[in-house]
Amino acid sequence: MSPRVLILMGSRNDWEVLKDAGRELERLGIAWRAHVASAHRSLVRTLELVRNGEAEGVGVFICGAGMAAHLAGVVAATTIRPVIGVPLTGGVADGLDALLSTSQMPGGVPVATVAVGKAGARNAALLAAQILALGDRDLDARLRCLRVEQADAIAAADATLAEGDRG
Ligand code: RP5
């Protein structure tokens, strides 16, 4: 099946975090594919993967990178499909460097930047799903169910607080 979401990561070491995006997409029944593709170490191949993905019908790109995290920006410069950047920890500022590199794009080439690390990887998948759901009623329904389940889980967690814990 052709992927609707392409996950790219700057290093094999980033997969430990980015796999949470794949897991979330899987849960929502969205076809996806992942590649290690560095903006710095393998630029030409990265551009090829983006162009091939676009030709295959990829609707959203998720790009995770740490340190001088230029992957999402380079991908956004190559495609007009939405690009979601996931900044990763590591480097001298432990994620703050990647957050700024990913989010501070010049006007004209947007990257939707999510939180640093695993929460960001998960939210990148959900945001990709929300974008795709604009043209997919079944996916829209699955996302609405997920929100209800999430709220139910919080209510269930609240119910586990002992009376004394409530003050
Ligand atoms: C970035 O540099 C990668 O996204 C990774 O997060 C970071 C370090 O890469 P490795 O040295 O771990 O391969 O390009």
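Scroll up a little and you will see the structure.
Residues numbered from 1 in each chain as written. Predicted model: local features only at pLDDT ≥ 70, side-chain atom pairs only at ≥ 80, totals over all residues. Heavy atoms only, no water.

Student: Whenever I open this one, helix α6 (residues 137–159) confuses me. Can you help?
Tutor: Spacing of three or four residues puts side chains on the same side of an α-helix, whose turn is 3.6 residues. End to end, α6 covers 33 Å across 23 residues, agreeing with the expected 33 Å (1.5 Å per residue, within 8%). Restricting attention to buried positions, one finds in α6 the residues L139, L143 and L146. At the N-terminal boundary of α6, the capping side chain belongs to D136, with an oxygen 3.2 Å from the backbone nitrogen of D138. (Helix = DSSP H or I, 4+ residues; strand = E, 2+ residues; numbered from the N terminus. Expected span 1.5 Å × (residues − 1). Buried < 20%, exposed > 50% of the residue type's maximum accessible area, 1.4 Å probe, protein only. Polar contact = N/O pair within 3.5 Å; in protein donor to acceptor, adjacent residues only side chain to side chain.)

Student: Could you clarify how one ought to interpret the packing of helix α5 (residues 118–133) against α6 in this entry?
Tutor: Each packed pair of helices is defined by two parameters, the angle between the axes and the distance between the axes. Look at α5 against α6: their axes get within 8 Å of each other, and the N-to-C directions meet at 140°. One way to sum up the angle between α5 and α6 is to call them oblique. For the pair α5 and α6, the sense of crossing is left-handed. Note on element contacts: α6 touches α5 through L139, D140, L143, L146, R147 and Q150, opposite R122, L126, A129, Q130, L132 and A133. (Axes fitted to C-alpha atoms, helices over the stretch in contact; angles between N-to-C directions. Parallel < 35°, antiparallel > 145°, perpendicular 65-115°, else oblique. Left-handed = near helix turned anticlockwise from the far one by under 90°. Contact = heavy atoms within 4.5 Å.)

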